[in-house]
Amino acid sequence: MEYTRRDLALAYLEAYPMPEHHQVDPESLYARLKVFHTQLLAGLEQLFAVDLKSDRFAHFFFGQVARSYRDNRHPTSGMLESGPLFTRPGGTELLKLCNELATLHEWSQKRLVDLTVELLAMVKPDHGEVVTTEQLRAIGVDTVKPTDPDGEWR
């Protein structure tokens, strides 16, 4: 697999440290994904030869964008089962609005990644560099994203 500047931007957004509101089990999928994204970001920064903290204002704005990306939710975010609500009288309109908001959410997330790519271009111009899985593995980065075979969601 090849990683581009967009993958670096996404890694930054996914690895951005957010405050924990509860105790996190270190073996949970959530904790394993946090470690994965942090290590992937460090490897991509090294191989792309970019220091996202080198420009103080850009670093501040990166954080603002990352918080927007990580906090961006829609009404059914994280809901495992919302069907009973939508089968009530008037539920069809509710479902329609929730679907519209979910679509806007996806668009917003994509645009926040686009914004991060543009910020990266300000910090370090893009010369079409790519990083390969082999390069990441050579510096000790595990490129296999953790999954949840047991249906764990948090």
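Residues numbered from 1 in each chain as written. Predicted model: local features only at pLDDT ≥ 70, side-chain atom pairs only at ≥ 80, totals over all residues. Heavy atoms only, no water.

Caption draft 1: Spotlight on the side chain of Arg 5. With respect to the helices and strands, the residue Arg 5 is situated in helix H1 (residues 5–15). Exposure remark for Arg 5: the relative accessible area of 10% places this residue in the buried category. A distance of 2.8 Å separates the side chain of Arg 5 from the backbone oxygen of Lys 124, its partner in a polar contact. (Helix = DSSP H or I, 4+ residues; strand = E, 2+ residues; numbered from the N terminus. Buried < 20%, exposed > 50% of the residue type's maximum accessible area, 1.4 Å probe, protein only. Polar contact = N/O pair within 3.5 Å; in protein donor to acceptor, adjacent residues only side chain to side chain.)

Caption draft 2: Examining helix H2 (residues 29–48) more closely. Relative to the 28 Å expected for 20 residues at 1.5 Å per residue, H2 spans 28 Å between its end C-alpha atoms, a close match to the ideal helical length. Three or more residues of H2 are buried, namely Leu 29, Ala 31, Phe 36, His 37, Leu 40, Leu 41, Gly 43, Leu 44 and Phe 48. Where H2 is buried, its residues meet strand S1 (2–3), H1, strand S2 (131–132) and helix H6 (133–138). (Expected span 1.5 Å × (residues − 1). Contact = heavy atoms within 4.5 Å.)

Caption draft 3: Just unusual backbone geometry, in detail. Phi at Ala 49 takes a positive value of approximately 55°, unusual for a residue other than glycine. Inspection of the secondary structure puts Ala 49 in the loop between H2 and helix H3 (56–71).

Caption draft 4: Seen up close, the confidence of the model for the protein. Here the protein averages 87 in pLDDT, while 91% of its residues score no lower than 70. Across the protein, the secondary-structure element scoring lowest on mean pLDDT is helix H4 (residues 83–86), at 66, and the one scoring highest is H6, at 97. (pLDDT = per-residue confidence, 0-100.)

Caption draft 5: Main features of the pattern of salt bridges. A full pass over the atoms with the stated rule returns five salt bridges. Put simply, Asp 126 and Arg 5 hold a salt bridge, and the shortest N to O gap is 3.5 Å. A residue pair is termed long-range when its members are at least 10 positions apart, and Asp 126 in the loop between helix H5 (91–123) and S2 and Arg 5 in helix H1 qualify at 121 residues. Classification of Asp 126 as partly exposed rests on a relative accessible area of 43%. Between Asp 114 and Lys 110 there is a salt bridge; the shortest N-O distance is 3.1 Å. Placement of both Asp 114 and Lys 110 in helix H5 is noted, with a separation of four residues, approximately one turn of the helix. Here the salt bridges share partners, and the residues they tie into one network are Arg 6, Lys 110, Arg 111 and Asp 114. (Salt bridge = Lys/Arg side-chain N within 4 Å of Asp/Glu carboxyl O.)

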